[in-house]
Structure formats: C-alpha cells, structure tokens
Amino acid sequence: MANINLKSREIEVKIVYYGPGRGGKTTNLEYIFKTFRKQVTGEMVSARTEGDRTLFFDFLPMGLGKVRGYDIRVKLYTVPGQVKYASTRKIVLKDVDGVIFVADSLQVRRIKNMESLKDLHLNLREYGTSILNIPLVLQYNKRDLAEHGIPLLSVSQMETDMNRQLKAPSFPASAVKGEGVGPTLKACLKLTLRSLKTQMGW
C-alpha cells in the first residue's frame, strides 16, 4: 500500500524493477535518471558487487504532479538478480505498489527469465499479494542485439513463456538505447495510480 502523508499531502508509491541478473534493470534506471531530469528529485544510489551490477537497490524518487490535491512521488528500485541474493529481493519487494519485470531476450537466458518470474510470484505471495493482482508490466529487453546476429527469443515465445496467464502489458525494449524504457515505466505508473485510486476509493 502506498505511503500517504496527510500532513504534507504527499502520496509515495514504490515501483520495483525485477528480473534475472544482468537483464537490464539498472540500465533502465540509469536511462530514466539521465533522460527525465525534470522529474527526478534526488540522486540515484547504486551499490555494486562482484557478479551482479546491483547489490541492494537503485533509488530514484520522481515527482508526478498532483492527484486529488496530493503530490505523487515515485520511488524506483531494482533488485539483484542473482540467486544468492534471494533475501535481498524479498526485502526490496516489501510494500511494493507496482512491478516492472525486465526479461532478458537472449535465448540462453530463457530458463533464468522463467525462474525469476516464479521467484517474484513466490515472494509476493509471502507478503499476501498475488502476482495476478499487483500492477505489473513486462519488458523484453536487449532486442537490439539481433542486429549483431546474437540469437534472441522471439517476442511471441517470451509472451508464451511468461505472459500467457498474466496478460500484463508488455514492451520490447533496448535499455541501452533507451527504446521502450519510457513506455514501460509510463504503463506501470498508469496501472499503479489506477490501483491506488481504487484502494483510496477515489
């Protein structure tokens, strides 16, 4: 549930970028930080470790204007994708309002994508939240690598693997080039605010 401060009339929502290690979660946030400077109200904090680019989270508050007289602030987080950081992923997911799942389009990462999506499902369930009910958007990242002859999963294959039951909005993307990054975030923000309004009875 979003954090609502009646005194300052602010609503703070938390969106988490989830997915397998080295799939492009941090690259998404770096692109947003660089491109949407007008909406960024703080600095991005990044912790790196051997074997994965993000140890704990990247933090990026963004102002979205007002809803019903309340200022909306968004905090964007990423989780570390490696299996050994399972407890960290779970901690970062606490009180999440929306999720962007960044899947890796490389053929060799197919199983890792599905394992990570299952991990998301189980962690949300432990917090009493269903993956079917939370605002969720899928991003199929690294589509630009096809230009270099690298074998990629087709978008239709990725839809079959991960989105057949979820039926979530999904976007092909290249976080490195910034393609699909904005639309992915915009779709998640839209779903999250819609969910928030329902929870608040607005």
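If you're wondering where the values come from, they're calculated on a predicted model, not measured in any experiment. (Residues numbered from 1 in each chain as written. Predicted model: local features only at pLDDT ≥ 70, side-chain atom pairs only at ≥ 80, totals over all residues. Heavy atoms only, no water.)

Here's the deal with the packing of helix α2 (residues 86-93) against helix α3 (residues 110-126)
To keep things clear, this is the line we draw: To define axes, lines are fitted to C-alpha atoms, for helices over the stretch in contact only, and angles between the resulting N-to-C directions are given on a 0 to 180 degree scale. Helix and strand definitions here come from DSSP, where helices need a minimum of 4 consecutive H or I residues and strands a minimum of 2 consecutive E residues; each element is numbered from the N-terminal end. Under this scheme an angle from 65 to 115 degrees is roughly perpendicular, one under 35 degrees roughly parallel, and one over 145 degrees roughly antiparallel; angles in between are oblique. Two helices cross in a left-handed way if the nearer one is turned anticlockwise from the farther one by less than a right angle. They cross in a right-handed way if the turn is clockwise. It only takes one pair of heavy atoms within 4.5 Å for two residues to be counted as in contact. Basically, the charged four are Asp, Glu, Lys and Arg, the nonpolar ten are Ala, Val, Leu, Ile, Met, Phe, Trp, Tyr, Cys and Pro, and anything else, Gly included, counts as polar.
Two elements in contact, α2 and α3, have axes separated by 10 Å at closest approach and are oriented at 55°. When the axis of α2 is compared with that of α3, the two are oblique. In this structure, α2 crosses over α3, and the sense of that crossing is right-handed. Contacts from Arg89, Lys90 and Leu93 of α2 reach α3 at Asp119, Leu120, Asn123, Leu124 and Glu126. Grouping the amino acids of the contact of α2 with α3 by side-chain chemistry returns 3 nonpolar, 1 polar and 4 charged.

Describing the environment of Met200
Threshold: Burial classification: accessible surface area is computed with a 1.4 Å probe over protein chains only, and a residue below 20% of its type maximum counts as buried, one above 50% as exposed, and the rest as partly exposed.
In this structure, Met200 sits in helix α5 (residues 181-200). Using a relative accessible area of 25% as the deciding quantity, one classes Met200 as partly exposed.

Some thoughts on the nonpolar core
Definition in use: Among buried residues, those of type Ala, Val, Leu, Ile, Met, Phe, Trp, Tyr and Cys that are joined through side-chain atoms within 4.5 Å constitute a nonpolar core.
By size, the foremost hydrophobic cluster in this structure holds 26 residues, and its most contacted members are Tyr17, Ile32, Val74, Leu76 and Leu185. Broken down by secondary-structure element, the contributors of at least two residues to this core are β2 (10-18), α1 (25-35), β3 (60-67), β4 (70-78), β5 (98-104) and α5. Sort the elements by how many residues they give to this core and α5 lands first, with 6 residues. Among the nonpolar cores identified, the runner-up in size contains 23 residues, and Val79, Ala103, Leu124 and Met162 belong to it.

Section: the layout of surface pockets
The cut-off we apply is this: Of the grid points, spaced at 1 Å and generated over the protein atoms alone, those admitting a 1.4 Å probe that cannot get out make up cavities, while open sets with protein on both sides within 12 Å along at least five of seven lines make up pockets; any residue with an atom within 4 Å of a point is treated as lining. Grid points are joined across faces, edges and corners, and a volume is the space filled by probe spheres set on the points.
Approximately 290 Å³ is the volume found for the largest pocket. Taken together, 13 residues line the largest pocket, and the ones lying closest to its centre are Leu117, Asp161, Met162, Gln165 and Leu166. Its residues assigned to classes, the lining of the largest pocket comprises 6 nonpolar, 4 polar and 3 charged.

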